[in-house]
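Understanding the architecture of this molecule
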Amino acid sequence: MITRHFSKSGLIILAFGLAIAAAVSGICWVIYLHYPQYRLPYHDGFAANIADEWKAFGGTWSIVDGTMQNDSDERGAKLMAGSTHWEDYVLSGDVKLLGTDGDAGFIVRSSNEEKGVDSYSGYYAGLRTRDNRLVLGRAMYDWKEGQSVAIPGGMRAFQWYHLQIVAFGCTIVVSAAPTSTPGSFTAVSLSDKNCIRSGRIGLRSYSSGGAWKDVRVRVATEDDLRDALVRVPAHRDSSGLKSKTDLPYFGSGSRPSTTNLPLPAPASSVQAISSLSLAAPQTRVTVRGVVILTKPLYVQDSTGGVAVNGKSLAPVKIGEEVQVTGNVLPGYYSTHLQNSTVNALWSHTPVPPVSITSAQAASGAFDSMFIELEGSLRHKTPAPDNSLVLDLESDQQPFQAIVNLRRGDHLLQDVEQNSTVRLRGICVSDPQYTHQRFPFVLLMRSADDLEVLSGPPWWNTRHVVLLSAVSFILILVAHYMQNRVEHWRWRTILEERENLAHEIHDTLAQSFAGLGFQLEAIRDRVPADIPVVHEQLDLACDLVRRSHQEARRSIVALRRDSDTGMDLLTTLERCARKMVDRCGVVVSAIQSGNVRVLPAALSDALFRIGQEAIANSVRHAQPTRISIAINYNDSDVQLTVEDNGIGFEIGHESAGFGLQGIQRRTRVISGVAQITSSPGAGTRVTVTAPVPRSRRWFEWPFTLWQTYWRYRSYAQARKQMYSGPDRG
Amino acid sequence: MIVRSNKGSAVRQFCSTKLRLYWICLALSVPLTFMLSGLLAGCKARHAGVIAFIPRTTGMSLWEAAHAGAEAAAASAHLSTYWNAPTREDDINSQIALVNRVIDAGYSGLILSPDQPLALITPVRRGLAKGIPTVILGSPLAMPPGGKLSYILNDENEAGSLAAMRIGELLHGKGTIAIVGINFDIIGVVDRVRSFEAVLSRRFPGITIAEKRTGSFNIPYEQQATEELLMVHHNLDAIVAVTADATRGSYAALDELHRLHRVRLIGFDQDLIQPIETGDLDSVVIEDTYDMGYRAVELLSDQIHGKAVPALIKVSPRLVTKSNLASPEIQRILALDSEWNR
């Protein structure tokens, strides 16, 4: 009992301990993730073309020569990284504006980001070309410009500036200086009473696009703040700032009140791009359109698109309106402009993609145009120049999409085969890209141009294997639980028998003992001259003694708790010795073969059979010797109980329950009982029962399969039985 | 004795109960898990008490004023707002996606300034079908108001009339003008042009419209268009720019060609205001978007509380000139409370 309780308690304690350990580990992990210095210090030089942790909200972001670039002129394009639990830190990095109209900089303490101009909660510090100022303000899905200061000498696009932002407590300090002259810094600060205390870092540009490099974040100290504030000429508390004294700013890149953008003179003869295919080769022409891809350069107007080649093309951004002059190189579907010169006219005119089908794209009518179409991803193949080729299919029309990986490794590695995706890109029928294997190829601007509409069907190989594994584990768990339940059931039965033995011991046995004493006392007091009464009392005493013995045997039979943990032979031997106690009967026990632990049901049945056989022998055979033998074979076990008593003639035994019980129990365990006896030659009871082979875990599917076929055969047999030929 | 006898039975009962409980728990765990996750997802998705405000774009004074008005009204009505929009006024797809997302997220109400009058009908109808009260702000959709759909619009007839009267006053009833920036994606802009032309022809027949140009949401394009216009029409007396972008573009073109004082410029929608002080820009017809935003939230609050609301409200525009620029009323509309600790 103690052992059993210990093992049960031990299991519970073990399970409980594991659960607590798991919970504690989980809590520790969550605490670690929420730790303000999680993954700090942080550095991303974008040198390895890996930027897995950066998440884009608008813009076209890619890594070019160790810098992170946003080529689009989208207002408020963001790229975020870090932890929302970062609190006091110093962010430093270099930033370059890729346009003369707008701003670019860093976001600190940001959270809750979405695509949108000021759709985040955090602070932004940036360099603004429109009014040549370093700006610092707070965005909470709106923009409150806290401080700004003019940059001496003005802001220059395409020049690197080093920015350092110290966020400590509720004070934010920003300093900026051209990397060429690091000493000539400009600084600005603000104190925000209801400040945002923690958040991610981010790169952000407004209209101008931008490039960033060498982004570093480390934990800030009070000394950092003090050192940074020294650079600020007049730090003032911004908590009372109101915009009513000045014109309000809306959006970090909001236009100043006076704008005068010098525009290039319009060309005298601008041709529609679609007309280029009719132009004579090498004709010098001028077209005007919007940049839809920068590398390689593609320009599109309302009539079509064209590839632009040139030795030293001016830097342009996606979405810019440009004027291109070049020599026409017409093709069947694709037209190129060679030896081109490009003049940027104005920005902020992005072309929306045309949604078409793959059949339309394959017609060549949309060559060199920005399109959007859907397809099913078949393969992903790495290609030279750090690019990735996607093989897709839509409406039985195979095509390829090429994306320069840069920061797309992480974004695209999660896209599974056979996923339905929506892609945006430049539709190109140029054999340089198609290799005449596909009707068209899609040149994607960045990895963000791919959107997964739905994953692969659930019945793919991986899922089926996963499902099978889960089912298998569930079957094993169910089997284990079934065993446990069976174990509980047997234990309950044994406990009940134990209780019954106690009851018999405390009631019947004690009463018989008391009754015997009382009868003997009466007999002693009855005069000896009444022999009839004496005889009757002797008979009564004998009956009481026999009943007492029966009760004791029952107690022995029922009590098995003390035998728990013993093997079958020892249990039977102990039981026999109790039964023959002080009767002068010699009990011997022997076992042979591959002795092993039997299943509980079989062990219990054999014990009951052996017990019954011993009891019968003690009751009826008057033996002087009882031998018990158990032989363990590979596939069965054989129990033999033999005595040298008076025996009996087979077929003339009394109609008691003893032998019938043995037969019944033997049938339950699918065994065979053999009873050998003859008058004067003793009795031998032999029971042979098959031992179920314990299944290994990998045999369960086979067992289930066998069970299934057994049931199937049974069902077919029944069907044949009930739908025999007489019914047909 | 009885107690001990019952102990065995109790153990058996316990075991059978345990067994039953085990299977019941196992059977119930799967649907319960699904239900719980669904419930959690539902809880996360719901945004009760939050009104989504999706203007044509953000980061523009025209719409940030509406945001400020909505915030003020929401604070009074114990509501909160979600504010976001596409980064461009012509990004119709993004606005449709945003509206659909808001509808699926279960916001209490929707205020929308549509980027396009036709394309936004379907998502708005979808929201209405889900019982989300909706207010269309600024310029209407091509569908009638009613039920849970209300309109709070700028009074474009009055706006056009204000501009026409101002032109007539400036030119003393005689001269040549051009209209630039006519954007057919905004019904309100078309209405204000038609109103302007009607009033001008009726009240000032001596003023002729030399040219009307369509516009876009691109300032450099508008600048280019105006420069071309000025090169073609040398005798222009005034330009009426009917959008904020056209106003900026025209102003930049006049400045570039040094004709700011020879050609008078009347703009629309508050964005470029400061040149009015110097006289470089004659006047601007502004929308009281602060009031529109405020009223929109009030109206939604009433709808949420089951009160009857008007289907259409028209808010009067104002003409900002050098003489009234400093007036409290104009300053109320133009100057926003963007203090840090609001």
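This write-up is about the structure you can find in this document.

Cut-offs and rules
- Residues numbered from 1 in each chain as written.
- Chains lettered and ligands numbered in written order.
- Predicted model: local features only at pLDDT ≥ 70, side-chain atom pairs only at ≥ 80, totals over all residues.
- Heavy atoms only, no water.
- Helix = DSSP H or I, 4+ residues; strand = E, 2+ residues; numbered from the N terminus.
- Buried < 20%, exposed > 50% of the residue type's maximum accessible area, 1.4 Å probe, protein only.
- Contact = heavy atoms within 4.5 Å.
- Areas by Shrake-Rupley, 256 points an atom, 1.4 Å probe, with all protein chains shown as cover.
- Salt bridge = Lys/Arg side-chain N within 4 Å of Asp/Glu carboxyl O.
- Phe/Tyr/Trp six-rings, centres within 6.5 Å; stacked < 30°, edge-to-face > 60°.
- Lys NZ or Arg CZ within 6 Å of the ring centre and 35° of its normal.
- Pairing = 2+ DSSP bridges.
- Axes fitted to C-alpha atoms, helices over the stretch in contact; angles between N-to-C directions.
- Parallel < 35°, antiparallel > 145°, perpendicular 65-115°, else oblique.
- Left-handed = near helix turned anticlockwise from the far one by under 90°.
- Nonpolar A, V, L, I, M, F, W, Y, C, P; charged D, E, K, R; others polar.

Bringing the overall build of chain B into the picture now. Within chain B, the secondary structure is distributed over eleven helices and twelve strands. With 342 residues in all, chain B has 56% of them scored as buried. Put simply, 70% of the contacts in chain B that link residues at least 6 apart link residues at least 24 apart. Accessible surface computed for chain B: about 14,300 Å², of which carbon and sulfur atoms make up 58%.

The next subject is the pattern of salt bridges. Scanning the model with the defined rule gives 44 salt bridges over all chains in all. In this structure, E114 of chain A and R101 of chain B form a salt bridge, with 2.9 Å as the shortest nitrogen-oxygen distance. Highlighted residues: E114 of chain A in the loop between β7 (103–111) and β8 (121–128) and R101 of chain B in helix α3 (residues 92–104), drawn from two different chains. In this structure E114 of chain A comes out as buried when scored by relative accessible area, which is 15%. Across the pair E329 of chain B and R318 of chain B runs a salt bridge whose closest N-O atoms are separated by 2.4 Å. Remark: R318 of chain B occurs in strand β12 (residues 318–321) and E329 of chain B occurs in helix α11 (residues 328–334); sequence separation between them is eleven residues. On the accessibility criterion, E329 of chain B (39% relative accessible area) is partly exposed.

This brings us to the packing of aromatic side chains. Residue and element names in this part refer to chain A. What the rule picks out here adds up to ten aromatic pairs over all chains. Ring geometry for Y42 and W86: centres 6.0 Å apart, planes at 55 degrees, overall tilted. Of this pair, Y42 sits in strand β1 (residues 42–44) while W86 sits in the loop between β5 (77–81) and β6 (89–97), and the two are 44 residues apart along the sequence. Under the relative-accessibility criterion, Y42 is labelled buried at 6%. Seen in terms of ring centroids, F399 and F440 are 4.9 Å apart; in terms of plane orientation they differ by 20 degrees. Their pairing is stacked. Taken as a pair, F399 in strand β24 (residues 397–404) and F440 in the loop between α5 (431–434) and β26 (441–443) lie far apart in primary sequence, 41 residues in all. Here F399 matches F440 in class, with each residue buried. Following the ring pairs from residue to residue traces out a cluster consisting of Y42, F46, W54, W86 and Y89. Here the basic side chain of K213 rests over the ring of W160, its NZ or CZ set 4.5 Å away from the ring centre. Here R231 stacks its cationic end above the ring of F185, 4.6 Å away from the centre of that ring.

Once that is clear, we can look at the pairing of strand β31 (residues 672–677) of chain A. Strand residues, when the strand is regular, have side chains that alternate between the two faces of the sheet. Residue and element names in this part refer to chain A. Side-chain alternation along β31 places A673, I675 and S677 on a buried face and V672, Q674 and T676 on a face that remains uncovered. Across six bridges, β31 lies against strand β32 (residues 683–690) in antiparallel orientation. Each residue of the ladder has a partner; that of T676, found in β32, is R684. A loop of five residues connects β31 with β32, the two strands running antiparallel in sequence, and G680 in this loop sits at a positive phi of about 85 degrees.

Residue and element names in this part refer to chain A. Contact pair helix α6 (residues 461–525) / helix α9 (residues 600–621): the axes reach a minimum separation of 11 Å and the direction vectors enclose 30 degrees. With respect to their mutual orientation, α6 and α9 come out roughly parallel. For the crossing formed where α6 meets α9, the hand is left-handed. Contacts between α6 and α9 pair W490, L494 and R497 from the former with A601, D604 and R608 from the latter. For the contact of α6 with α9, a count of residues per class yields three nonpolar, no polar and three charged.

Looking now at the environment of L170 of chain B. Residues and elements named next belong to chain B. If you trace the backbone, L170 turns up in helix α5 (residues 156–171). Placed 68 residues apart in sequence, L170 and A238 show a C-alpha to C-alpha distance of 8.9 Å. If we ignore the near neighbours within four places in the chain, the residues touching L170 are R264, I266 and D282.

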